[in-house]
Amino acid sequence: MTNRLADTHSPYLRAHADNPVDWYPWGEEAFAEARRRDVPLLVSIGYSTCHWCHVMARESFADPATAALINDGFVAVKVDREEHPQVDGAYMAAASAFTQNLGWPLTVFTTPTGRAFYAGTYWPPEPRPPMPAFREVLAAVREAWTLRRAQAEESADAVTEALARAAESTPSELPDAAALVAAAEAVAVREDREYGGFGGAPKFPVATTLRMLQHPVVRAGAPEAAASAERALAAMTASDLRDEDGGFFRYATQRDWTVPHYERMLTDNAQLLDVARDAGDGATARGVVAFLLTVLRREGGGFGAAQDSESWIDGARSEGGFYRRPVAERAGLEPPAVDGKVITGWNGLAIAALARAGAAAGEPEWIAAAATAAEAVLRDNRDADGTLVRASLDGRASAAVATPADLALLAEGLFALAAATGDAAWAVTGREVLDGVLSGGVADDPLLAAQGIAVSPDQTDGDLPSDAAALAGAALSAWRLGAGDQYRAAAVDIVRGLAARALAQPFAHGTLLRVAAELVSPPRQVVAVTSDRAGALAAAALAADADVVAVVTPEQAGVFAASGFELFEGKDAAAERVYDCRDFVCRLPVADPADVPRER
């Protein structure tokens, strides 16, 4: 049989299109069917490069006997967590009430109104103590729903109410430099001084935390904590976590960075490109760029979400077998598939990283790739009304709504692209995107809202910045480009609302704490006005340690100023100069590259 997944916008869902399970995609049709039959929903959440998702699919969802149990007792819904992150977040938060072993595949049993009353992750086809067989779980859940329904619904209501209360936050004061230094030192205590990185196995790159540790406020106040970020990068770069072609894997299953989980995510690699650039590690940066441009870049110019861990070798599925071969021996092998979803926010991360790295390294090709990706997202990731959505596949827009982080990270990428190219149009578009979020124009997943299910209150960083942190960062970037003090005020409000929680759990709030650090000290903004982007004056500006570095022609400076970016006002004279500004107060412009200070 072919179910309803074949024509969806998700490679993950399409891979389940021929399952004997009567899958529905996430949507009202599934809920209506559950209400009609008065049976629970089985919501199965995963993503296309998830190894254990593949395993459970082969063992259970492709098995006719298991599928018959599912079809008889449940309405089965398959969700791509990368396409519907709010759905994943809501049910992951609910699942935490039932299990501490959170991850994917995530299997959630809900009432016909979508409220979770039981959840778990991977279940095997046969009992493996302490894990029951998946068919045993299905039977037990169906029995509970049939014989103890009132208890199941009471449990679902209690979880929903608890999550709604958890969303409440109390504003506090902005952290000062001392508080941020203490937070960084608290993170550094977790450093593995033998193998680098933080914590034991499994060991993740935690790029958001590394970027916080690299901030100048931390470098000045806690240099040893800052050095732990560089040690982590060096350890990862020299380990099995990094493939020979330069791309990083998702995580290592061992403390010494060996035995990687072989999927390769756009999120990790884009952020590690920023980490490598900040660390001055040009070789690692070039390796990541090569991976982005040769493996993840799609035909339309956007970047795919990830590359799978599995591939076909000698007629069998192999996890990691392709990557364990030397690069020279891979030519004759079919490479692991790339999930071609072009996700708005993830591409925003890549656009920003490529623009910044390309400007710093003098690589116009990287900046051009960032611009092409931006064009692809702005063109393809829109619904019929022109509203930006979460993702597209092969140029077709998904119906999934964009999250606040999606739009904020895209805006951040456009601001970085504007500075790298001197083209104010990117900044204008970025400001428009950001204004839409700040004005409250971003809707939650409509089906969650219709069922009264709160979006997860969790504002910690995962594999990318949280909604709140991404929005605060983009607002601060807009302010530093001169878009207006209201953007700094927006960043302050967001940081104040989460500061106490972030200082108490600094490892989980790296991006928010980095934004807080950027609010502590006045920004340094360097604007080079020159018609020679490859000349010595531009190079001196780009080498400066600054929060904003923009190289513009006099005409471009005028367009920026006319578009409302006050940093560029009065900088459209014909003479070539570098303006070194601190908190929008500029020193006398200089014409000699030697007079542009590299240090802050």
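Up top is the structure.
Owing to the predicted nature of the structure, the values given are computational and were not obtained by experimental measurement. (Residues numbered from 1 in each chain as written. Predicted model: local features only at pLDDT ≥ 70, side-chain atom pairs only at ≥ 80, totals over all residues. Heavy atoms only, no water.)

A. Up close: the overall build of the protein. Per the secondary structure count, the protein includes 24 helices and 19 strands. Compactness check: the protein gives a C-alpha radius of gyration of 25 Å against a globular reference of 25 Å for 600 residues, within 12% of the reference. Going through the 600 residues of the protein one by one, you find that 57% of them count as buried. Taking as baseline every contact in the protein between residues at least 6 positions apart, the subset at least 24 positions apart corresponds to 66%. Separation of charge centres in the protein, based on 53 positive and 82 negative side chains, amounts to 2 Å. (Helix = DSSP H or I, 4+ residues; strand = E, 2+ residues; numbered from the N terminus. Rg over C-alpha atoms; globule rule 2.2 N^0.38 Å. Buried < 20%, exposed > 50% of the residue type's maximum accessible area, 1.4 Å probe, protein only. Contact = heavy atoms within 4.5 Å. Lys, Arg positive; Asp, Glu negative; His and termini not counted. Charge placed at Lys NZ, Arg CZ, Asp CG, Glu CD.)

B. Geometry of the sheet that holds strand β9 (residues 306-307). Spatial ordering of the open sheet is given by β8-β9-β12, a layout of three strands whose pairing is antiparallel. Every other strand in the sheet has two partners, leaving β8 (264-265) and β12 (338-339) as the edge strands with one partner each. (Pairing = 2+ DSSP bridges.)

C. Spatial organisation of the packing of helix α21 (residues 485-504) against helix α22 (residues 510-520). Close contact between α21 and α22 brings their axes to 9 Å; oriented N to C, the two are set at 125°. By the angle class used here, α21 and α22 are oblique. Crossing handedness for the pair α21 and α22: left-handed. Together, R488, A491, V492, I494, V495, L498, A499, A502 and L503 of α21 and L512, L513, V515, A516 and L519 of α22 make up the contact between the two elements. The class makeup of the residues in the contact of α21 with α22 is 13 nonpolar, no polar and one charged. (Axes fitted to C-alpha atoms, helices over the stretch in contact; angles between N-to-C directions. Parallel < 35°, antiparallel > 145°, perpendicular 65-115°, else oblique. Left-handed = near helix turned anticlockwise from the far one by under 90°. Nonpolar A, V, L, I, M, F, W, Y, C, P; charged D, E, K, R; others polar.)

D. Structural detail: the pattern of salt bridges. Tallied over the entire structure, the rule returns 47 salt bridges. Through salt bridges with shared partners, one network takes in R211, R219, D274, R277, D278, R356, R480, R514, E518, D545, D547 and R600. (Salt bridge = Lys/Arg side-chain N within 4 Å of Asp/Glu carboxyl O.)

E. The nonpolar core, seen in detail. Ranked by size, the top nonpolar core spans 132 residues in total, and within it L273, L292, F303, L354, L417, L434 and F568 carry the most contacts. If one sorts the elements of this core by residue count, helix α17 (residues 404-421) sits on top with 13 residues. Formed by 29 residues, the second largest nonpolar core is a distinct cluster that contains L42, F74, F117 and A152. (Core = buried A, V, L, I, M, F, W, Y, C linked by side-chain atoms within 4.5 Å.)

F. Summary view of the sheet that holds strand β15 (residues 396-397). Strand order in the open sheet formed by three strands is β13-β14-β15, and the pairing between neighbours is antiparallel. Strand pairing shows two members of the sheet lacking a second neighbour, β13 (342-343) and β15, which therefore form its edges. Relative to β15, strand β14 (residues 391-393) runs antiparallel, the two sharing two bridges. Its bridge partner lying in β15, S392 is registered against A397.

G. Examining α22 more closely. Along α22, 10 of the 11 residues are buried, which leaves the element largely enclosed by surrounding structure. Here α22 has its buried residues at G510, T511, L512, L513, R514, V515, A516, A517, E518 and L519. Packed against the buried residues of α22 are α8 (177-188), α9 (207-213), α10 (216-221), α12 (266-279), α20 (467-480) and α21.

H. Just the pairing of strand β5 (residues 116-120), in detail. With four of five residues buried, β5 is to be regarded as a mostly interior element. Linkage of strand β4 (residues 106-110) to β5, two consecutive antiparallel strands, is achieved through a turn of five residues, within which G114 is found at a positive phi near 90°.

I. Layout of the pairing of strand β11 (residues 316-319). Where strand β10 (residues 310-313) lies against β11, four bridges are found, and the strand directions are antiparallel. Note that in β11 the partner of I313 across the bridge is A316.

J. Representation of the packing of aromatic side chains within the structure. Across all of its chains, the model carries 22 aromatic pairs by this definition. With 5.5 Å between their ring centres and 20° between their planes, F117 and W145 make a pair best called stacked. With F117 in strand β5 and W145 in helix α6 (residues 134-147), this residue pair connects regions lying 28 residues apart in the sequence. Both residues of the pair, F117 and W145, count as buried. For the pair F249 and Y262, a centre-to-centre distance of 5.0 Å together with 85° between the ring planes defines the contact as edge-to-face. Placement of the pair is F249 in the loop between α11 (223-237) and β6 (251-252) and Y262 in the loop between β7 (260-261) and β8, with a sequence separation of 13 residues. (Phe/Tyr/Trp six-rings, centres within 6.5 Å; stacked < 30°, edge-to-face > 60°.)

K. View of the state of the cysteines. Counted under the stated rule, the structure contains two disulfides. Between the sulfur atoms of C50 and its disulfide partner C53 the distance amounts to 2.3 Å. Taking the torsion about the sulfur-sulfur bond, which here is approximately 80°, the covalent link between C50 and C53 counts as right-handed. For C50, a relative accessible area of 3% gives the class buried. Taking the relative accessible area as the measure of exposure, C53 reaches 3% and is therefore buried. Across a sulfur-sulfur distance of 2.0 Å, C581 and C586 are joined as a disulfide pair. Residues C581 and C586 are joined by a disulfide whose S-S torsion is about 90°; by sign, that bridge is right-handed. By relative accessible area, which is 30% here, C586 ends up partly exposed. Sequence-ordered numbering of the bonded cysteines in the protein gives a disulfide pattern of 1-2, 3-4. (Disulfide = S-S within 2.5 Å.)

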